[in-house]
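Inside the fold
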Amino acid sequence: MAALKEKLAQLIPGLREEMGSIISEHGDKVVSEVTIRQVYGGMRGVRGLICDTSSVEPDKGLAIRGIPVIQLTDKLPEEILYLLLTGEMPDQSALDDLKKELSDRRQVPDYVWDVLRAMPGDSHPMAMFNTAILVMQKESQYAARYAEGMTKQEYWEPSLEDLLNIIAKLPAIAAGVYRIRFNKGPLIDSDPNLDWGANYAKMLGLPDPNGLFTKLMQLYLVLHSDHESGNVSAFSAHTVGSALSDLYYSLSAGLNGLAGPLHGLANQECLRWVLMVKDKFGGVPTDEQLRDFAWETLNGGQVVPGYGHAVLRVTDPRFDAFLAFGKQYCMDDEVFQIVAKVFDVVPDVLKQVKKINDPWPNVDAGSGALLYHYGLTEFPYYTVLFSVSRALGICSQNVLSRALGLAIVRPKSSTTQWLKNKVATM
Ligand code: CMX
């Protein structure tokens, strides 16, 4: 961490100065307008947030610090974390330093396991995972330093400590949730010689004779790491963090949003839908059968999970990355074959529904089938995997927000009567 902390300490004064001069020189310029449709429509497209970790252009998809995600698929999650925080890839010594730091902090307090084991056996894995993060709040160095009266200039330092302490423990906690919730036997110890993602794969305890499951996990952890800051989980975490609630509170809050079926839970829903197709047609359906099934879903008032996006208007490059992985390693698997066929058939169906703005697959459309292929068949668990990865982005955004001293979030709401009065005068 010495290298990471030093790097941030070098960067932060410049970032503060840049923000200060943008505000003082251009503070009153307008970058976005809000229509009434947007007021009712989840503020879609309203530019009211600053986020430098990543950006999502409708016609391109995710770029982390300006680098298209498809160019990062061979990187380790630790490299992505460093990139998210600093805007640069780490050199070998900074990477080794960060890996060691995470390894040294990986021990999960025993009380976390007591709490998880005390939860009802049918708890959702996301409820368990988020509870584990929240129950560790008493470890927050940010909260302790705040109580001692640290200055605003110092906020980012204990936030970075909290980030490292949390990120270091998430693989063990997430693997523990899996093994406890699905009765997989005793917890598996981490291996200090493995990196963060490989350790997670090991602690899940699934057979991985040729290392391909670990390879998939590394890819998964990179692809889901960030998606700018207006999505439900990142925005919720940012809002909670803006009240200077520490990272344990804000990460847990954000991930509660990720647990929603229109957001991170879509990956479990998506695999459920694909398995329904497989059951109904006794294997891979014909194009026509699949088209009919998609219409049945839509006519039943349901969404086709894994398709559509609030921002994207092209195939999600993260889906492309999973599809490429599947085509390389899983083409013999019927579930994956269905995923590939859905991609060929379903966009044309969705294009016929006028209200749907994006008929293309998002990140959740293919990942579940690949996990299923390698034996991770408990699909209510999939959003936990997503969470472990997304914590990289949410936590990085938190440290940078504290470094910039961003204000408490407080947009203005309007009553319906106010809106009606307003339109009457327009
Ligand atoms: N199937 C059926 N209807 C869909 C649809 C889909 N895949 N995608 C969008 N629509 C519908 C919306 O429900 C909305 O209908 P109503 O006006 O009746 O509410 C209408 O089309 C317009 O939606 P939109 O502007 O195209 O998309 P939104 O920004 O409102 O919503 C999203 C985006 C992702 C919630 C939506 O596409 C969806 O529900 N997709 C399926 C669930 C999913 O895959 N979610 C994961 C997204 C990735 C993530 O965040 O993790």
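Preceding block: the structure.
Remember, predicted model here, so these are calculated numbers, not experimental data. (Residues numbered from 1 in each chain as written. Predicted model: local features only at pLDDT ≥ 70, side-chain atom pairs only at ≥ 80, totals over all residues. Heavy atoms only, no water.)

Turning our attention to the packing of helix α11 (residues 232-242) against helix α18 (residues 382-404). As a packed pair, α11 and α18 sit with axes 10 Å apart at the nearest point and diverge in direction by 35 degrees. For α11 against α18, the interelement crossing comes out right-handed. Only Arg390, Ile394, Gln397, Asn398, Ser401 and Arg402 of α18 make contact with α11, whose side of the interface consists of Ser233, Ala234, Ala237, His238, Gly241 and Ser242. The residue makeup of the contact of α11 with α18, split by class, is 3 nonpolar, 7 polar and 2 charged. (Axes fitted to C-alpha atoms, helices over the stretch in contact; angles between N-to-C directions. Helix = DSSP H or I, 4+ residues; strand = E, 2+ residues; numbered from the N terminus. Left-handed = near helix turned anticlockwise from the far one by under 90°. Contact = heavy atoms within 4.5 Å. Nonpolar A, V, L, I, M, F, W, Y, C, P; charged D, E, K, R; others polar.)

Evaluation of the coordinates by the stated rule reveals 2 cavities of 30 Å³ or more. By volume, the largest cavity amounts to about 230 Å³. Lining the largest cavity are 20 residues, and of these Ile50, Cys51, Gln397, Leu400 and Ser401 sit closest to its centre. Contributions of two or more residues to the lining of the largest cavity are made by α11 and α18. When residues in the lining of the largest cavity are grouped by element, the largest group, 7 residues, is from α18. Estimated volume of the second largest cavity: approximately 40 Å³. Every residue lining the second largest cavity is listed: Cys270, Trp273, Val274, Val304, Pro305, Tyr307, Val339, Val342 and Ala365. Listed by contribution, the elements that provide at least two residues to the lining of the second largest cavity are α13 (266-281) and α16 (334-351). Counting residues per element, the lining of the second largest cavity draws most heavily on α13, which supplies 3 residues. Along the lines of polarity and charge, the residues of the lining of the second largest cavity split into 9 nonpolar, no polar and no charged. (1 Å grid on protein atoms, 1.4 Å probe; cavity = no way out; pocket = protein on both sides within 12 Å on 5 of 7 lines; lining within 4 Å. Points joined across faces, edges and corners; volume = space filled by probe spheres on them.)

Okay, the site of the ligand next. As a matter of local geometry, the ligand sits amid 21 residues, with His263, Gly306, Tyr307, Lys355 and Asn357 nearest to it. One nitrogen or oxygen atom from the side chain of Lys355 is found 2.8 Å from an oxygen atom belonging to the ligand. Contact with the protein chains removes 76% of the 880 Å² of surface that the ligand exposes when unbound. Residue classes in the shell around the ligand are distributed as 10 nonpolar, 7 polar and 4 charged. (Near = heavy atom within 4 Å. Polar contact = N/O pair within 3.5 Å; in protein donor to acceptor, adjacent residues only side chain to side chain. Areas by Shrake-Rupley, 256 points an atom, 1.4 Å probe, with all protein chains shown as cover.)

Moving on: the pairing of strand β2 (residues 61-64). Bridging between strand β1 (residues 54-57) and β2 involves 4 bridges; their strand directions are antiparallel. The partner of Ser55 across the bridge, within β2, is Ala63. The antiparallel pairing of β1 with β2 creates a hairpin that spans 3 residues between the two strands. Pairing geometry for β2 and strand β3 (residues 67-68), over 2 bridges, is antiparallel. For Ala63, the partnering residue across the bridge sits in β3 and is Pro68. (Pairing = 2+ DSSP bridges.)

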